[in-house]
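# Structural overview for review
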Amino acid sequence: MPIPEIPLKHVRFIDKWTHIALYFFTCGVIWTEYLRRHPRKQQSSTFSWRKLICWGWLAPIIMGGLIELAQTYCTGGMRSGDWLDFLANATGTTLMLGVGTLWVWFRARG
């Protein structure tokens with residue numbers, strides 16, 4: 001499928017801003033669900049930073065990289081992978097890591 005034209009193509013780096021926002025909100029859903037399943041009163045016994053970092057930060061970055069590779073090698077030239085898209089994906093994910101860390105910190109204090 002060819003890449004469609006978008007009405008905001010005049011906005012500088014609109015594609016990269018979109019990647020950042022999509023990965024930020026995707027990771028936000030992961031963090032929200034994890035924290036919802038691990039209430040504050042149970043946090044000390046069941047909460048795992050290792051799991052949250054792995055599934056809420058690292059896994060989406062790896063997924064973004066695999067998607068960029070698939071666009072490069074599996075679309076017959078219709079799409080292309082872009083290192084800057086991968087970097088934008090990682091940026092959105094890392095921004096959510098910061099917001100999520102603050103969220104956990106404020107939640108533990110309250």
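Computed from a prediction, not measured in an experiment: that's the story for all the values here.

### What about helix 1 (residues 14-37)?
With 24 residues, helix 1 should reach 34 Å at 1.5 Å per residue; the first-to-last C-alpha distance of 35 Å fits that figure. Turning to helix 1, its buried residues number three or more, namely I14, K16, H19, I20, Y23, C27, G28, W31, Y34 and L35.

### Observations concerning a nonpolar patch on the surface
A cluster of nonpolar residues, L58, I62, L66, L69 and Y73, forms a patch on the protein surface that exposes about 540 Å² of accessible area. Examined against the element boundaries, Y73 turns out to sit in helix 3 (residues 49-73).

### Points about the nonpolar core
C27, W31, Y34, L35, F47, L52, M96, L97 and V104 together form the largest nonpolar core, which totals nine residues. Only helix 1 and helix 4 (83-109) provide two or more residues apiece to this core. The leading source of residues in this core is helix 1, at four residues.

### Regarding the packing of helix 1 against helix 3
As a packed pair, helix 1 and helix 3 sit with axes 10 Å apart at the nearest point and diverge in direction by 150°. Regarding the angle of helix 1 to helix 3, the classification is roughly antiparallel. At the point where helix 1 passes helix 3, the crossing takes the right-handed sense. Residues H19, Y23, C27, I30, W31 and Y34 of helix 1 touch helix 3, and the partners they reach there are W49, K51, L52, W55, G56, P60, M63, G64, I67 and E68.

### Describing the packing of aromatic side chains
Inspection of the entire model under this criterion finds six aromatic pairs. With a centroid separation of 6.1 Å and an interplanar angle of 85°, the aromatic rings of W83 and F86 are classed as edge-to-face. Placement of the pair is W83 and F86 together in helix 4, with a separation of three residues, close to one helical turn. Counting every residue linked through ring pairs, the aromatic cluster contains W31, Y34, F47 and W49.

Parameters at a glance
Residues numbered from 1 in each chain as written. Predicted model: local features only at pLDDT ≥ 70, side-chain atom pairs only at ≥ 80, totals over all residues. Heavy atoms only, no water. Helix = DSSP H or I, 4+ residues; strand = E, 2+ residues; numbered from the N terminus. Expected span 1.5 Å × (residues − 1). Buried < 20%, exposed > 50% of the residue type's maximum accessible area, 1.4 Å probe, protein only. Patch = residues over 30% accessible without salt bridge, like charges linked within 9 Å, V, L, I, M, F, W, Y side chains within 5 Å. Areas by Shrake-Rupley, 256 points an atom, 1.4 Å probe, with all protein chains shown as cover. Salt bridge = Lys/Arg side-chain N within 4 Å of Asp/Glu carboxyl O. Core = buried A, V, L, I, M, F, W, Y, C linked by side-chain atoms within 4.5 Å. Axes fitted to C-alpha atoms, helices over the stretch in contact; angles between N-to-C directions. Parallel < 35°, antiparallel > 145°, perpendicular 65-115°, else oblique. Left-handed = near helix turned anticlockwise from the far one by under 90°. Contact = heavy atoms within 4.5 Å. Phe/Tyr/Trp six-rings, centres within 6.5 Å; stacked < 30°, edge-to-face > 60°.

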